[in-house]
Amino acid sequence: MTKVMGAAMRRIQAGNALSAFGLGFTVPYLYIYVATVRGLGSFWAGIVLGVFALAALVALLFTGRVIDRRGPLPVLVGAAVAAAVGAMALGLATNLVAVLGSAALLGAGTAVMQPALATMIVWSSSPTSRTRAFAMQFFLQNLGLGIGGLFGGQIVDESRPSSFVLLFAIEAAMFLVLAAIALSVKLPRNAAIADARPKGGKGGGFRAVLGHRAMLQLCVLGFVLFFACYGQFESGLAAYGTEAAGIEPSTLGIALAANTAVIVVAQFLVLRFVERRRRSRVIASVGIIWTVAWLFAGYAGLGHGSQTMATAAFISTYALFGLGEAMLSPTVAPLVADLAPEAMVGQYNSAFALVKQMALALGPFVGGPMGATLHGPYIVTFILFSLGITVLALRLGRGLTLAQDHPAHAAHASRVVAVHKSEQEQVAA
């Protein structure tokens, strides 16, 4: 990386970490805040979370084209300011209309920030350094969320609405810090490996994305990935654990902590493994790991072992999911970037973020009722989804170029060719 690229990347990653820290203060407590503290009940709390997700989906439909036309920097600053206003308004809201409006603004703002940040990382990295850049982003996001949640847990008090106002104020302040940091970033021109991206691609919107076969395959794969993992964490898998495995609610927190701990510890340990292998095969191996994770979950709820063994198996499920996540973070996002034409990086990032948001919205809707009542079918369904990840990843790999599927090897090969040509020129001279 050049000096300019390195300086930009450090500021982007710092802003990313601080915004995740702010999110951690409120994300675990949003349902409790709406249902209990503001006294709106569980029904309206669910509606508020639905509005949050719907606003994110609608915003992402338009985000990509704006990023490509105006650049990711103004989009990120605008989204961060909107999210800050939404967070502060939500903390101060005392009636249903105000809660719904502020939740929509917060949901849209936080959703738009993700493809804008991803595009800034692409612009500030080369194809060979991009793997580590996205791994660092994922690492800092999880670390920030975990630390923010830990601090927020020490502040929150259901009997004192003012404690929640403080939580949302801290979140709003972190979004404003992200905006300030972003304004100080000088974005460089990004480098590219020859043959890493298709030529052309001026405009075209989602129609161009849908017409790109490899990107369409990656979006389908991404939906299955997010639906089978992230979409189950706090809904289907949690319901299955408490109903089928007899897991205490406090143990769910331990399981989520184990997931975060594995990501933090394993993220950079798996980088060497990821960088030496084709991206499609890394994703395929994640499908196998998550299949094992669901088998552990099956044993926890459907096996005949002791409660201690069931609890250990359930926590292991979350830990194995964390290992898979650590392998995906330096793999999937850089692949989206390398598939995108130069003029449509924002559109491709937004399209993939939209797919992720849809999976996160549908995951609880499908998995929640199944996890609570249909224990056997629930486990079988998501074992099949995990195996489907492996199949889809291997099929995707057959349609990728070497530069897209294994950029480090492609860069090494190009350097070898360049050195060989130089030697030939010297001999000829």
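Here the residue numbering is sequential within each chain, running from 1 through the sequence in written order. Local features in this predicted model are restricted to residues whose pLDDT is 70 or higher, and side-chain atom pairs enter the listing and the counts only when it is 80 or higher, whereas totals over whole chains, interfaces and linings include all residues. Only hydrogens and water are set aside when side-chain values are computed; all heavy atoms of the structure are taken into account.

Under the convention used in this document: UniProt positions are given in the numbering used here, feature names are shortened, and annotations may be inferred rather than shown by experiment.
The name given to the protein in an unreviewed UniProt entry is MFS transporter, and the organism recorded there is Streptomyces crystallinus. What UniProt states about the protein under its Subcellular location (unreviewed entry) heading is, verbatim, "Cell membrane".

### Quick word on the overall build of the protein
Test applied: Numbered from the N terminus, helices here are DSSP runs of H or I no shorter than four residues, and strands are runs of E no shorter than two. Relative accessibility thresholds used throughout: buried, under 20% of the residue-type maximum; exposed, over 50%; partly exposed, between the two (1.4 Å probe, protein chains only). We call two residues contacting when some pair of their heavy atoms lies within 4.5 Å. Surface accessibility in these figures is a Shrake-Rupley result with a 1.4 Å probe; residues are shielded only by whichever protein chains are displayed.
Helices and strands together make up the secondary structure of the protein, namely 19 helices and zero strands. Sorting the 429 residues of the protein into buried and exposed places 52% on the buried side. Contacts in the protein between residues far apart in sequence, at least 24 positions, make up 86% of those at least 6 positions apart. Working note: accessible area of the protein is about 18,500 Å², and carbon and sulfur atoms make up 68% of it.

### Points about the nonpolar core
Worth spelling out the cut-off: Think of a nonpolar core as a cluster: buried Ala, Val, Leu, Ile, Met, Phe, Trp, Tyr and Cys residues, connected wherever their side-chain atoms sit within 4.5 Å.
Core analysis: the largest hydrophobic core is formed by 115 residues, its most contacted members being Met 215, Leu 218, Leu 237, Trp 290, Trp 294 and Phe 314. Per-element accounting of this core gives the leading share, twelve residues, to helix 5 (residues 96-123). Membership of the second largest hydrophobic core comes to six residues, among which are Ala 56, Leu 57, Ala 111 and Ala 353.

### So, a nonpolar patch on the surface
How we decide: Only residues whose relative accessible area exceeds 30% and that take part in no salt bridge are eligible for patches, with like-charged residues grouped when within 9 Å of each other and nonpolar side chains (Val, Leu, Ile, Met, Phe, Trp, Tyr) grouped when within 5 Å. What counts as a salt bridge is simple: a side-chain nitrogen of Lys or Arg found within 4 Å of a carboxyl oxygen of Asp or Glu.
Together, Ile 288, Val 292, Phe 296, Val 380, Leu 384 and Leu 387 line one region of the surface with nonpolar side chains, adding up to about 490 Å² of accessible area. Of note, Ile 288 is situated in helix 13 (residues 279-302). Here Ile 288 falls in the partly exposed class, since its relative accessible area comes to 43%.

### Some words on the environment of Tyr 31
Residue position: Tyr 31 is located in helix 2 (residues 30-37). Owing to a relative accessible area of 39%, Tyr 31 belongs among the partly exposed residues under this scheme. Residues Tyr 31 and Val 48 lie 17 residues apart in sequence; the distance between their C-alpha atoms is 8.5 Å. Apart from residues lying up to four places away in sequence, Tyr 31 is in contact with Ser 42, Ala 45, Gly 46 and Leu 49.

### Some words on the packing of aromatic side chains
Two aromatic rings, taken as a pair, are described by how far apart their centres are and by the angle between their planes. Test applied: By convention, a stacked pair of Phe, Tyr or Trp rings (six-membered ring in the case of Trp) has centres within 6.5 Å and planes under 30 degrees apart, an edge-to-face pair has planes over 60 apart, and any other such pair is tilted.
Tallied over the entire structure, the rule returns 18 aromatic pairs. Centre to centre, the rings of Phe 21 and Phe 25 are 4.9 Å apart; their planes meet at 90°, and the pair counts as edge-to-face. Of the two residues, Phe 21 and Phe 25 are both situated in helix 1 (residues 3-26); the distance of four residues between them amounts to about one turn of the helix. Counting every residue linked through ring pairs, the aromatic cluster contains Phe 223, Phe 227, Tyr 240, Trp 290, Trp 294, Phe 321, Tyr 378, Phe 382 and Phe 385.

### Overview of the packing of helix 4 (residues 72-92) against helix 5
Geometrically, a packed helix pair is captured by the angle between its two axes and the distance between the axes. We apply this condition: An axis is simply a line fitted to the C-alpha atoms; with a helix, the fit covers only the stretch in contact. Between two such axes, the angle follows the N-to-C directions and lies from 0 to 180 degrees. What sets the label is the angle itself: under 35 degrees gives roughly parallel, over 145 gives roughly antiparallel, 65 to 115 gives roughly perpendicular, and the rest give oblique. In this scheme the crossing of two helices becomes right-handed for a clockwise turn of the near helix relative to the far one and left-handed for an anticlockwise turn of less than a right angle.
Relative to each other, helix 4 and helix 5 sit at 155°, their axes nearing to 7 Å. Considered as vectors, helix 4 and helix 5 are oriented roughly antiparallel to each other. Like other packed secondary-structure pairs, helix 4 and helix 5 cross with a definite hand, here left-handed.

### Concerning the packing of helix 2 against helix 3 (residues 41-70)
The interhelical angle for the contact between helix 2 and helix 3, taken along N-to-C directions, is 140°, at an axis separation of 8 Å. On the basis of their axis angle, the class for helix 2 and helix 3 is oblique. Regarding helix 2 and helix 3, the two cross each other, and that crossing is right-handed. Residue-level contacts link Leu 30, Tyr 31, Val 34 and Ala 35 of helix 2 to Gly 41, Ser 42, Trp 44, Ala 45, Gly 46, Val 48 and Leu 49 of helix 3.

### Comments concerning the confidence of the model for the protein
Worth spelling out the cut-off: Each residue carries a pLDDT value, the predictor's own confidence for that position, ranging from 0 to 100.
Chain-level pLDDT for the protein is 84 on average; 90% of the residues reach the 70-or-more range. Segment residues 414-420: pLDDT under 50, and zero contacts once partners within four positions in sequence are set aside and those in other chains are kept.

### Quick notes on the pattern of salt bridges
Following the criterion strictly, the structure yields five salt bridges and no others. One salt bridge in this structure joins Arg 278 and Asp 405, with 3.3 Å as the shortest N-O distance. In this pair, Arg 278 sits in the loop between helix 12 (271-275) and helix 13 while Asp 405 sits in helix 18 (residues 402-405), placing the two residues 127 residues apart along the sequence. Overall, Arg 278 belongs to the partly exposed group, its relative accessible area being 28%. Overall, Asp 405 belongs to the buried group, its relative accessible area being 1%. When the shortest N-O distance is used, the salt bridge between Asp 338 and Arg 279 registers 3.0 Å. In this pair, Asp 338 sits in helix 15 (residues 332-339) while Arg 279 sits in helix 13, placing the two residues 59 residues apart along the sequence. Both residues of the pair, Asp 338 and Arg 279, belong to the buried class. Each of Arg 130, Arg 279 and Asp 338 takes part in a single network of salt bridges with overlapping partners.

### A word on helix 14 (residues 307-328)
Rules: Given a helix with a known number of residues, its expected span is that number minus one, times 1.5 Å.
The end-to-end C-alpha separation of helix 14 is 32 Å, in line with the 32 Å expected for 22 residues at 1.5 Å each. Residues of helix 14 that are buried include every one of Ala 310, Ala 313, Phe 314, Thr 317, Tyr 318, Phe 321, Gly 322, Gly 324, Glu 325, Ala 326, Met 327 and Leu 328, and no others.

### Some words on the side chain of Glu 171
Here is the rule: Two residue types count as positive, namely Lys and Arg, and two as negative, namely Asp and Glu; His and chain ends fall outside the count.
Its place among the elements puts Glu 171 in helix 7 (residues 161-183). Here Glu 171 sits buried without a salt bridge, and the closest side chain of opposite charge, Arg 38, lies 13 Å off (N-O distance).

### Here we look at the side chain of Ser 102
Rule in force here: Think of a polar contact as two N or O atoms within 3.5 Å of one another; within protein, one of them needs to be a possible hydrogen donor and the other a possible acceptor, and neighboring residues in sequence only count if both atoms come from side chains.
Structurally, Ser 102 can be placed in helix 5. Relative accessible area serves as the criterion here: at 4%, Ser 102 is assigned to the buried category. Here the side chain of Ser 102 touches Ala 98 through a polar contact of 2.7 Å, landing on its backbone oxygen. Excluding anything up to four places from it in sequence, Ser 102 contacts Gly 86, Ala 89, Leu 90 and Ala 93.

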